[in-house]
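Residue-level listing of the chains:
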Amino acid sequence: MKILDKYIAKQILFSIFAVLGVLVVVVGLLDLVDELKKVNDGYPVSLAFFYVILNTPQNIYEVLPIATLMGSLIGLSKLSSTSELNAAKSSGLSFAKIIVIALKSGLVIVMLTFLIGEFVAPKGQQLANNIRNLGESTRLSMKNTDGIWIKSKNSFIHIAKVYPDKIVQEISLYRFNEKQQLLESIYAEEGYYKDGKWFMTNITLSSFENKDIEIKSHKVATFDEFVDLDLFDIMIIKPNQMTLMQLKKYIQYLKNNSMESKGYELAYWSKFSVPISCLVMFLLTTPFVHSNIRSASFGQRIFIGILTGVSLFLFNQTISKLSIIIDIPPVIGSFLPIVILLIISLLIIQRLYGTKFLLKLFSK
């Protein structure tokens, strides 16, 4: 890469990371304010700060597309305002080449976004939740009044409360035969995982195999096959806190048991669509460095960038969530906003620079 190419790429990336830093600080402060409201004797301020810090990679992952749009806009606008882009053009650097340089810079952001979303953010969020749960024993990992349901072969398991360190309470297990007739039901007040086994306490077992219902009670019993441990760990975290492997495994589990999986499929494909959206954002900055727009002040461009970034974020979230409601395949719902933004970007380039310029850009 030539010195001029490196300089332009450096200015763009510097602006993106500067905007990213500001956005992450703002979102982090909002998270901290929310966490400080939950501070009590069991959940001190230090753990609240630690929770916010561990949650920072997820915040970075979520705001990177907006930071990319705003940062690239500011970077290119700054170069345009100081007439550095004009000087670059005078030296023989075409505008198509400038866009290509921006897109190459975008590849760095794409890789960074994918790596954070796959390896850093999920682990950080899981650790953050553990910190919060361990610090406040009355706070459940699964805050759902209906608890969670698990289907395993011919058994259905309901767990009302899930605590840290694989402790569960109010467990109900129902076993059926191949004709879907209830064979037995098991209720346990509490269970915990230790030494490769699940231990249940205060158990009531009701058998329906014979005409007479048999009821037995046990203080403690062990279950070698209660819930697959890896699956259990996955089920108590949210889709956006999972890695690709966890999402794939859980989606397969849901499909094998004829259960709804679209929300998790959407999260799976978002792992790919979010990084790609960062690349599309670079194309959207094209009109802001066009000769007819260079008269706009630097402050006006920043305002337009912020407004556009927020609008695109809301648009992306709306389309993604709407895809589940109107029964669109998750892969389409995940990539549809990107396709729409890409088409808009190409139409803007075609309108401002013509079809020949567009063809020249793709030939590069």
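Residues numbered from 1 in each chain as written. Predicted model: local features only at pLDDT ≥ 70, side-chain atom pairs only at ≥ 80, totals over all residues. Heavy atoms only, no water.

Chemist: What am I meant to see in the nonpolar core here?
Modeler: The tendency in soluble globular proteins is for nonpolar side chains to be buried as a group. Ile12 and Ile109 are the most contacted members of the largest nonpolar core, which has 38 residues in total. Where this core is concerned, the elements lending two or more residues are α1 (3–36), α3 (56–81), α4 (84–90), α5 (95–135), α8 (262–284) and α11 (355–363). The dominant element in this core, judged by the number of residues it contributes, is α5, at 10 residues. With sequence-adjacent residues up to four places away left out, Ile12 is seen in contact with Gly71, Ser72, Leu76, Ala102 and Phe282. Counting residues in each nonpolar core, the second largest holds 27 residues, with Leu173, Val227, Met242 and Ala267 among its members. (Core = buried A, V, L, I, M, F, W, Y, C linked by side-chain atoms within 4.5 Å. Buried < 20%, exposed > 50% of the residue type's maximum accessible area, 1.4 Å probe, protein only. Helix = DSSP H or I, 4+ residues; strand = E, 2+ residues; numbered from the N terminus. Contact = heavy atoms within 4.5 Å.)

Chemist: How should the packing of aromatic side chains be read in this particular structure?
Modeler: Given two aromatic rings, one states the distance between the centres and the angle between the planes to describe the pair. Tallied over the full model, the rule gives 11 aromatic pairs. Centroid distance Trp269 to Phe335: 6.4 Å. Interplanar angle 65°. Geometry classified as edge-to-face. Placement of the pair is Trp269 in helix α8 and Phe335 in helix α10 (residues 330–353), with a sequence separation of 66 residues. An aromatic cluster is present here, built from Phe114, Tyr268, Trp269, Phe272 and Phe335 joined pairwise through their rings. The aromatic ring of Tyr61 is capped on one face by Lys271, whose charged end is 5.9 Å from the ring centroid. (Phe/Tyr/Trp six-rings, centres within 6.5 Å; stacked < 30°, edge-to-face > 60°. Lys NZ or Arg CZ within 6 Å of the ring centre and 35° of its normal.)

Chemist: Just to check I follow, could you spell out a nonpolar patch on the surface for this structure?
Modeler: The grouping of Met111, Leu115, Phe119 and Val120 at the surface amounts to a nonpolar patch, some 390 Å² of accessible area in total. Along the polypeptide, Phe119 turns up in helix α5. Residue classification places Phe119 among the exposed residues on the basis of a relative accessible area of 55%. (Patch = residues over 30% accessible without salt bridge, like charges linked within 9 Å, V, L, I, M, F, W, Y side chains within 5 Å. Areas by Shrake-Rupley, 256 points an atom, 1.4 Å probe, with all protein chains shown as cover. Salt bridge = Lys/Arg side-chain N within 4 Å of Asp/Glu carboxyl O.)

Chemist: What should I look at first to understand α10 in this one?
Modeler: For α10, with 24 residues, the first-to-last C-alpha span of 35 Å sits near the 34 Å given by 1.5 Å per residue. By the largest-angle criterion, Leu336 marks the main kink of α10, which is about 35°, and a proline, Pro337, follows within four residues. By the burial criterion, the buried members of α10 are Pro330, Gly333, Ser334, Pro337, Ile338, Leu341, Ser345 and Ile349. Looking one or two places after α10, you find Gly354, whose phi comes out positive at around 95°. (Expected span 1.5 Å × (residues − 1). Bend = angle between axes of the 7 residues up to and from the residue.)

Chemist: How should the side chain of Thr201 be read in this particular structure?
Modeler: If you trace the backbone, Thr201 turns up in strand β5 (residues 197–207). Judged by its relative accessible area of 18%, Thr201 falls in the buried class. Once residues within four sequence positions are removed from consideration, Thr201 is found in contact with Ala188, Glu189, Glu190, Tyr192, Lys219 and Val220.

Chemist: Help me understand the side chain of Ser273 in this model?
Modeler: Take Ser273: it is sitting in helix α8. For Ser273, a relative accessible area of 6% corresponds to the buried category. In this structure Ser273 touches Ser334, Phe335 and Ile338, once residues within four positions along its chain are discounted.

Chemist: I tried to follow the environment of Met281 on my own but got confused; where do I start?
Modeler: Position of Met281 relative to the elements: it lies in helix α8. Relative accessible area serves as the criterion here: at 7%, Met281 is assigned to the buried category. Separated by 213 residues in sequence, Met281 and Thr68 place their C-alpha atoms 6.5 Å apart. Leave out the neighbours within four places in its chain, and Met281 touches Pro65, Thr68, Leu69, Ser72, Leu312 and Leu341.

Chemist: How do you make sense of the packing of α1 against α3 when you look at a structure like this?
Modeler: In a pair of packed helices, the angle between the axes and the distance between the axes together describe the arrangement. In the contact formed by α1 and α3, the axes pass within 6 Å of each other and the chain directions differ by 140°. Considering the angle they form, α1 stands oblique to α3. With respect to the hand of their crossing, α1 and α3 are arranged in right-handed fashion. (Axes fitted to C-alpha atoms, helices over the stretch in contact; angles between N-to-C directions. Parallel < 35°, antiparallel > 145°, perpendicular 65-115°, else oblique. Left-handed = near helix turned anticlockwise from the far one by under 90°.)

None of the figures reported here should be taken as evidence of function without further support.
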